[in-house]
Structure formats: C-alpha cells, structure tokens
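Observations on the three-dimensional arrangement
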Protein chains: 2
Amino acid sequence: MQIVTLGPKGTFSEEAALLYQKRITGKVDPEKIKFFNIFDCLQEVESYRADRAVLPAENMVDGIIGITFDALIDFHDFVKVNDEVHVNIEYVLAGKMKVAGEVEKIFSHPSALNQCAHKLDNLFPTLVQVPVSSTAEAAVKAMEEPGVAALCSPRTALEYGLNILHENLADYPNNETRFFVCGLTDSPPTGNDRTLLAVRFGVNRPGQLHEITGFFAENNIDLTFVQSRPYKVRPQEYVLIFEMIGHKSEPGLKNALNKVEQNVRATDGWKKVLGSYPHRKKEEKPLAHKPGRKSS
Amino acid sequence: MQIVTLGPKGTFSEEAALLYQKRITGKVDPEKIKFFNIFDCLQEVESYRADRAVLPAENMVDGIIGITFDALIDFHDFVKVNDEVHVNIEYVLAGKMKVAGEVEKIFSHPSALNQCAHKLDNLFPTLVQVPVSSTAEAAVKAMEEPGVAALCSPRTALEYGLNILHENLADYPNNETRFFVCGLTDSPPTGNDRTLLAVRFGVNRPGQLHEITGFFAENNIDLTFVQSRPYKVRPQEYVLIFEMIGHKSEPGLKNALNKVEQNVRATDGWKKVLGSYPHRKKEEKPLAHKPGRKSS
C-alpha cells in the first residue's frame, strides 16, 4: 500500500502515516511512505499513484489545519476522507549540548511553539524562538548550529541523535493531533462514524445557518464542529464545514443531507459530502523510537 | 498613541498598524510602533503600556488566524475588539539578482506561500519553497544568501532594497487581510458595525447550535461567520466564535445576546462578547513605499 503524507521524515505526519500503515498491514515500513505538500498528496491519490494520503486535520490546542479542509473541498469529486489516526503529541527540548542552560535559540514549527507557548515563556523566558517549516527541520538545525535546540517529539530527538534537555513541554496534557486518511472512496458504516460536509449558500440572508442546523437537530444528529472556510473570491464569503456524528448512509443523516440539498439548491448554492469514516481513539501503542533503524 | 503589533518591520502587520495610526493621528510614524507576539500584544494593552494592539484576524484566501481569536478569549475581561483595518495584499518575487531565472529558492511566510501556491507551481515549478517566520525575514534572507528570493509585498521589497523579479503572484485577485484593532473598550455604534461573540456550552447535546442560531434568526441578525476553536482540555471540545452584523447595543442584537446568555447558563456554559466595532472597507490609499525613510 502506497501512503503519502506531509513530510519530512521525523514529523508527526510521518508518525501518523506509519501508525496507519501498521494498522492496515500489520508492520511498519518507513521506505513505503512518500512526502508531498497537502495539495499534492491528494493529487497523488487522484492520479492513482498513491492509495492513501494521511493529512493533519486538527490539533487539540492549535485548532484545524485549514489547508487540509480547503484541499478536500477542491478534490471532493475524486478523493474522500476514509479513516482517522489520532497521534499523541509530546514535546521535548532537544540539542547537541548537555544541559538546557547552554541553549540560546529554540527552533520549531509555529504550531508546536504555540502548543508550548506558556511553558516556554515560564521556563526559558530569555531564549529566542525561531519558527521553521517542521519539527524535523528544527532537529536538523539543532544538529548543525551551535546554541540551537529543537522543540520536537522524543521520537524525532532520538531519530536525529539529539540529547533530551527538557521533557513534557506541552501546555495542555493529553495533547493530540487528528489526521484524516484520504482515498478514492470513503468507508462503510461501523456504528461509530463521523461525516464531513461542506455547504455553500448561493444568496446570503439571515437565518440560513439556523435552517441548515435545524435539519440535523430534527434528525437528532450531533454536530461535532462547524468552521467557516474562505470562498476566496471576495472577503467574508465562506464555505461552511460541518462534522457530525454518524454515517451518511444512516436514515436520519441521509434525511438531513437531503433537506440540506433542497435548501441550498433553492439559492443556487451547493453541498458536498467530503466523506464518512470510522471515529478512532488515540493510538494506544505509539511507535518505538527510531522506526526502521533497528537491527534485524 | 502607543500601538503594538505582530512584527517585524516590513510585514503586513506593520502596514496595518501604520494605516491605523494614520487614520487616528493623521500622520505616519514608524518609530511609535512596537512589536510583540500576539499574546504579548494584548498583555501590553491590558497592562496600560500600549493603547492599541493591531492583530491579524483573517486573510481572504488562507482563513482566520486562530491564535488571535484564542488570545481574545483569554483576555476577554480586559481587552475588546475596537476597530478594523483591511489591508490590500499583493505579492512579488524579490531578490538581489537581476532576473527570476537566477533564483534557486523562494523564502516566505507559510500563509504567503499558500496564497500564491498555484501561481508559484505554474511559474516556478522547480524552485524550492522555504517557509520562514515572516515575509520580512524572507527579505533579509534574500539580501544575505545568494540564489534566494523572497515572496513579499512590493513595500517590503523596496524597504529592503531588493529588485522586483515578478509581480502579481497572488492566486486570487483583490486579496486582503483583515486586522482587529484591540483596546481596553470596544467602540460606540456607527450604524455599520460587527459584533464578535464566544460561546461555550456546558453539557453537549444535539440541537444546541440550532437553538443558539435561532435567537439570531428571530431577531433578523445576519451571522457573518462561525468558527469552532479548541477548548484545549479534551479533543473535539470547542468554543464557538460567531461574528455578526450589528452593534451589541442595538435592540435586536441585545435581545438575542440575552437569550444566548439564558441558554448557556442553563447548561453551565458561558458567553463572552469580544467586542463591537465599525466595519471598514479596504484602505483605498495604501502607504507610500519606504515609510519613514523619506527625506524631510
């Protein structure tokens, strides 16, 4: 099974892809994972060059990764959300030096710096924070540049041979990131599913959100979140994204989706089901450190 | 008037702060603008060290800047949204080299790279894209490192003495970013206002969003957007953020807010008005390039 994800090696995205690979194939094979940006990951699936794209959807502290949802809307005719992977998020300070007192600059992904903002300000108030494109890139900088430490996962620190200078730096306990697994079709019902829906109103008027949410309420459908994503043609015009509990094939949800379709069609709007997929819990057995570098 | 914003010098945030300064004081004085991260900007206002914080709220293509909304919730007892600045967003490729053919790497803020993703892929498919912390940092890299160009505003390119190698790189025309101006109080009604509201449900059950939006619908209040922001204690628990047309002191909106208060109180939830503020259009007279470096 060819899996693509947002890289590079050593990021939480790679970890999510490996956890999914292990769930499906029973083993971990880092060589089978390829890295692209979010848009190109879905392009690989659409073009039959990859079976699955594993994309970051939302972090418990930092919120949704908007680009993933925008790309799912762009590719809705070809690619659907198919499954989830919930990755435990843990941050450490890691570097070539022996103690945290020798660190001058902390490099990391902006989202990671935000997830640890309060602890970093309390523990290391004088250190300069430098945002880079990934926690893996931060680890590379920590290897190469004196005085630089990376804020990254323990797995990344070990992968790059860095010393762990301070553990447990996430501001909120039980931090996790949810990834969407995307394929050419979505998944059959399991009894514990989620459905992702995009809705665009044609003409705008007060009360539309109330009408749409009424179709879900009268069918006892529980919405888990709603997000206004940019429609990109004019300021303050949006596509609404709803996630809800249930599978699109269940009678109540099916009924609600039909009502939404009638409603948006009347104003020349549209709705797109972006997928139904099983809801997962946080992976209980995280990957061993240094996957693929073990002997034997 | 002391204004703080997300820096550094040469970013769209600085431009927004200068445009607001010009609107209020009639002149542009870059020396009076100080730079902090988003959280610390509001801390400066809360502590009476700054009069206004100018913070990025949403880009027309890339969506909301979640951290700004999260910080507004954290500081809701002290700081309110008070005004808006809409900044025209234009991107150019800029470097020390003479032609775009000599560029090897494009540095920019991840949001800028995303706003120009399709044009960059079409025009410069082989160039490596490197995300950095700001468009201003990208301009510094373009000054220092051979083969590096910055994706930044024309103003930033001129500010850093770079040649403009390619203009008009934004994927969508009329691109703009809206900034919130935050102070110790919000603004009196002008007749064309917006109100920002945060709502947290205590107990979760189906139909809550439908109930809440009903209070706005029955008072003919038009919601402009709704966003689920993380509550940060457990996965998939949220604070809902609504923006709506109207001022919190107008009878219909006041009535709706009272109904929301009764509703959330019944389930041990809460609501917080984050501010009422005049709605602005895009600034028609952009700043001259190189502000503050002109003679006389």
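Below, the discussion takes up the overall build of chain A. A tally of regular secondary structure across chain A gives 9 helices and 15 strands. The globule rule puts the C-alpha radius of gyration for 296 residues at 19 Å, and the 21 Å found for chain A is close to it. Oriented by its inertia axes, the alpha-carbon framework of chain A measures out at about 65 × 45 × 30 Å. Sequence separation of 24 or more characterises 77% of the internal contacts of chain A that already satisfy a separation of 6 or more.

What follows covers the sheet that holds strand E8 (residues 128–131) of chain B. Strand pairing in a sheet takes place through backbone hydrogen bonds and is either antiparallel or parallel in direction. Residues and elements named next belong to chain B. Strand order across the open sheet formed by 5 strands is E8-E7-E9-E6-E10, with mixed pairing between neighbours. Every interior strand has two partners, whereas the edge strands, E8 and strand E10 (163–166), have only one. Put simply, the sheet's adjacent strands are angled 35° from each other on average, direction ignored. Two elements, strand E7 (residues 105–108) and strand E9 (residues 148–152), share 3 bridges in a ladder whose sense is parallel. When the bridges of E9 are listed, Ile-106 appears paired with Ala-149. With respect to the sheet, helix H6 (residues 135–144) is in contact with strand E6 (92–95), E7 and E9, its orientation differing from that of E9 by roughly 155°.

This next bit is on the interface of chain A and chain B. Chain A puts 46 residues into the contact, and the matching count from chain B is 47 residues. Each partner contributes to the roughly 3,800 Å² buried at the junction of chain A and chain B, and carbon and sulfur atoms together form 56% of this total. At the boundary of chain A with chain B, the tally comes to 0 salt bridges. If you look at where chain A meets chain B, you find 19 residue pairs in polar contact (both at pLDDT 80 or more). Taken together, the elements giving at least two residues each to the side of chain A that touches chain B come down to strand E3 (52–59), helix H3 (66–74), strand E11 (176–183), helix H8 (208–218), strand E13 (223–230) and strand E14 (238–245) of chain A. A per-element tally of the side of chain A that touches chain B places E13 of chain A first, with 8 residues.

All right, on to the confidence of the model for chain A then. Model confidence for chain A is summarised by a mean pLDDT of 93, while 96% of its residues fall at 70 or above. For residues 291–296 of chain A, every residue scores under 50 in pLDDT, and the model assigns this stretch 9 contacts once sequence neighbours within four places are set aside.

About the cut-offs
- Residues numbered from 1 in each chain as written.
- Chains lettered and ligands numbered in written order.
- Predicted model: local features only at pLDDT ≥ 70, side-chain atom pairs only at ≥ 80, totals over all residues.
- Heavy atoms only, no water.
- Helix = DSSP H or I, 4+ residues; strand = E, 2+ residues; numbered from the N terminus.
- Rg over C-alpha atoms; globule rule 2.2 N^0.38 Å.
- Contact = heavy atoms within 4.5 Å.
- Pairing = 2+ DSSP bridges.
- Axes fitted to C-alpha atoms, helices over the stretch in contact; angles between N-to-C directions.
- Buried area = accessible area lost by both parts, 1.4 Å probe.
- Salt bridge = Lys/Arg side-chain N within 4 Å of Asp/Glu carboxyl O.
- Polar contact = N/O pair within 3.5 Å; in protein donor to acceptor, adjacent residues only side chain to side chain.
- pLDDT = per-residue confidence, 0-100.

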